[in-house]
Amino acid sequence: MKLLTANFISCAVKACKSSSLSFPLHFKDAELASKSVPYNPLLLSNLLPRLDWPALVTSSKELGFTLPDTKPELPRLSATAAAAATTTSDGDMNMDSGVGEEDEKTLRMLHKVLMETEVVEGKMSKNNL
Amino acid sequence: MTSTPALPPGTPLKLPTPSTSHITSQPVYPPSEDSYLLLDAFSLPSEIAFISSRLPAGTPSPLLVEIGTGSGIVSAFLAAHAGVLFGRQDVITMGLDVSYTANTVTSTTISNTCSEHPETSATFLDCMTSDLTSCLKPNCVDILVFNPPYVPTSEHPSLSTLRDGKQQKVIVNSKSREDYDMEDYLFSLTYAGGDKGMETTDRLLDQLHEVLSERGVLYLLLCAGNRPPEVLGRVTAMESGWKMERVIERRAGGEILSIWRIYR
């Protein structure tokens, strides 16, 4: 399971849905693998608004990644930039979007944590005891 | 907005159909007339225009979820051709099925198909074992696809067999009596819809307001035995102004199948 997926799932028991404990679920005994995924800055920049950042920080910490406490602010990559994007043979997107060096670092970090980190074994549970 | 528009004009685009040749003897619903009707529904130029206007490029990345993926052919098609069908590739997709075997097979179908179409494919996240969308947090799905167990049957198989606390295993090349029984049971789950074939679909409609995002759309397959006019009456009577419109209809063998879009 990708770390990004954990940002969308909660306890499946209906009676739990309204409880604050139902989300995020907590990883236990997680075994990680890194999977190479094409870098897609447009996706990351359009995903950011819909991420629950505090939950992502919690999940990441459980897997050994440290994210900033507050959601990074990134310039929204424009449709023009997206249109100018070309796809290379390995599927990476080349963007001439004028993204600054700092933003680029943030995007690369998000890419690694959200897209390329896979929990291949482990448990997810409601409480963090 | 009329509730039962005439069939949209135009012919579906001809996009490559995903291969499911890696499925050998796993007990999953094989690609069938209903699966192909879903592919055609999403390939109609009018439907492509509808989705692009609901989820325009530049808005937050849409989450696409299919319930009951079976072989994975529908999810694989939508994920691999997202750039064409939705006008954007920054779409994330998940597959949900009560069968762990179906989820395993679907992951392969989607990954294989997406890797064949890197220039149009969305980002596939995961397949998860779930009853309907119970594992998702509320109101996060933007495109929901459901080809339900729609056949009217006198009995509706209970999910309790899967909820006995034991972890499911992948069923393939069954040899034991226990595995054969599980195969029969899993196949019954793929089609048996109980009363009017609507027992599972009704459960989803009951919770739809908690599943879809504000901009979300459900694509639902119905057969004539489900009595679509009754379903339409029910959906349009639900709170907060739901619309239900027919996207495509086709006679397939002894059945008349139709795909409907349901949204606020």
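Computed from a predicted model, the values in this text were never measured in an experiment.

1. Points about the overall build of chain B
Thought 1: Regarding its fold elements, chain B presents eight helices and seven strands.
Thought 2: Relative to its length of 264 residues, chain B is compact, with a C-alpha radius of gyration of 18 Å against a globular reference of 18 Å.
Thought 3: Here the C-alpha coordinates of chain B stretch approximately 55 × 40 × 40 Å along the principal axes.
Thought 4: Among the 264 residues that make up chain B, the fraction classed as buried is 56%.
Thought 5: Pairs at least 24 residues apart make up 83% of the contacts formed inside chain B by residues separated by at least 6 positions.
Thought 6: With the model as given, the accessible surface of chain B reaches about 10,700 Å², and the carbon-plus-sulfur share is 53%.

2. What to know about the sheet that holds strand E6 (residues 243-252) of chain B
Residue and element names in this part refer to chain B.
Thought 1: Pairing in this open sheet of seven strands is mixed, and the strands run E3-E2-E1-E4-E5-E7-E6 from one edge to the other. What marks the edges here is a single partner per strand, and that holds for strand E3 (123-129) and E6. Strand-to-strand twist across the sheet, computed as the mean angle between neighbouring axes with direction ignored, equals 15°.
Thought 2: Sitting on the sheet, helix H8 (residues 228-237) is in contact with strand E5 (212-223), E6 and strand E7 (255-263), with an inclination near 165° to E6.

3. Section: the packing of helix H3 (residues 73-80) of chain B against helix H5 (residues 100-116) of chain B
All names here are of chain B.
Thought 1: The contact between H3 and H5 brings their axes to 8 Å, and the two run at 30°. In terms of orientation, H3 lies roughly parallel with respect to H5. Of the two elements, H3 crosses H5, and the hand of that crossing is right-handed. Counted together, Ile-73, Ser-75, Ala-76, Ala-79 and Ala-80 of H3 and Thr-109, Ile-110, Thr-113 and Cys-114 of H5 form the full contact between these two elements.
Thought 2: Of the residues contributing to the contact of H3 with H5, the split by class is six nonpolar, three polar and no charged.

4. Some remarks on the interface of chain A and chain B
Thought 1: Between chain A and chain B, the residue contacts involve 23 residues of the former and 24 residues of the latter.
Thought 2: Together, the buried faces of chain A and chain B total about 2,000 Å²; carbon and sulfur atoms form 58% of this surface.
Thought 3: At the junction of chain A with chain B, the criterion picks out two salt bridges.
Thought 4: The shortest N-O distance in the salt bridge between B:Asp142 and A:Arg50 comes to 2.7 Å.
Thought 5: Scanning the region where chain A abuts chain B turns up 10 residue pairs in polar contact (both at pLDDT 80 or more).
Thought 6: For the side of chain A that touches chain B, the secondary structure elements donating two or more residues are helix H1 (3-6) and helix H2 (41-47) of chain A.
Thought 7: In terms of residue count, H2(A) provides more of the side of chain A that touches chain B than any other element does, four residues in total.
Thought 8: Residue composition of the side of chain A that touches chain B, grouped by class: 12 nonpolar, four polar and seven charged.

5. Describing the confidence of the model for chain B
Thought 1: Residues with a pLDDT of 70 or more make up 96% of chain B, whose mean pLDDT is 93.
Thought 2: Note on the complex model: pTM 0.91, ipTM 0.87.

6. What about the nonpolar core?
Thought 1: In terms of nonpolar packing, the biggest core is built from 61 residues, with A:Leu4, B:Leu136, B:Leu144, B:Leu208, B:Leu218 and B:Ile262 touching the most fellow members.
Thought 2: Here this core takes five residues from helix H5 (residues 101-115) of chain A, the largest share from any one element.
Thought 3: Non-local contacts of B:Ile262, meaning those with residues more than four positions away in its chain, are made with B:Leu205, B:Leu208, B:Leu212, B:Gly216, B:Val217, B:Leu218, B:Leu220, B:Val235, B:Trp242, B:Lys243 and B:Met244.
Thought 4: Of all hydrophobic cores here, the second largest spans 34 residues; its members include B:Leu44, B:Val74, B:Ala82 and B:Tyr150.

7. Notes on the pairing of E7(B)
The two faces of the sheet receive side chains in turn, since in a regular strand these alternate between them.
Residues and elements named next belong to chain B.
Thought 1: Counting buried positions along E7 yields seven of nine residues, so the element is predominantly enclosed.
Thought 2: Sheet analysis places E5 next to E7, joined by seven bridges and oriented antiparallel. Pairing of Leu-222 across the sheet is with Ser-258, part of E7.
Thought 3: Taken together, the nine bridges between E6 and E7 define a ladder with antiparallel strand orientation. What sits directly across from Glu-245, in E7, is Arg-261.
Thought 4: Counting the residues in the hairpin turn of E6 and E7 gives two residues, including Gly-253, whose phi is positive at 60°.

Criteria and thresholds
Residues numbered from 1 in each chain as written. Chains lettered and ligands numbered in written order. Predicted model: local features only at pLDDT ≥ 70, side-chain atom pairs only at ≥ 80, totals over all residues. Heavy atoms only, no water. Helix = DSSP H or I, 4+ residues; strand = E, 2+ residues; numbered from the N terminus. Rg over C-alpha atoms; globule rule 2.2 N^0.38 Å. Buried < 20%, exposed > 50% of the residue type's maximum accessible area, 1.4 Å probe, protein only. Contact = heavy atoms within 4.5 Å. Areas by Shrake-Rupley, 256 points an atom, 1.4 Å probe, with all protein chains shown as cover. Pairing = 2+ DSSP bridges. Axes fitted to C-alpha atoms, helices over the stretch in contact; angles between N-to-C directions. Parallel < 35°, antiparallel > 145°, perpendicular 65-115°, else oblique. Left-handed = near helix turned anticlockwise from the far one by under 90°. Nonpolar A, V, L, I, M, F, W, Y, C, P; charged D, E, K, R; others polar. Buried area = accessible area lost by both parts, 1.4 Å probe. Salt bridge = Lys/Arg side-chain N within 4 Å of Asp/Glu carboxyl O. Polar contact = N/O pair within 3.5 Å; in protein donor to acceptor, adjacent residues only side chain to side chain. pLDDT = per-residue confidence, 0-100. Core = buried A, V, L, I, M, F, W, Y, C linked by side-chain atoms within 4.5 Å.

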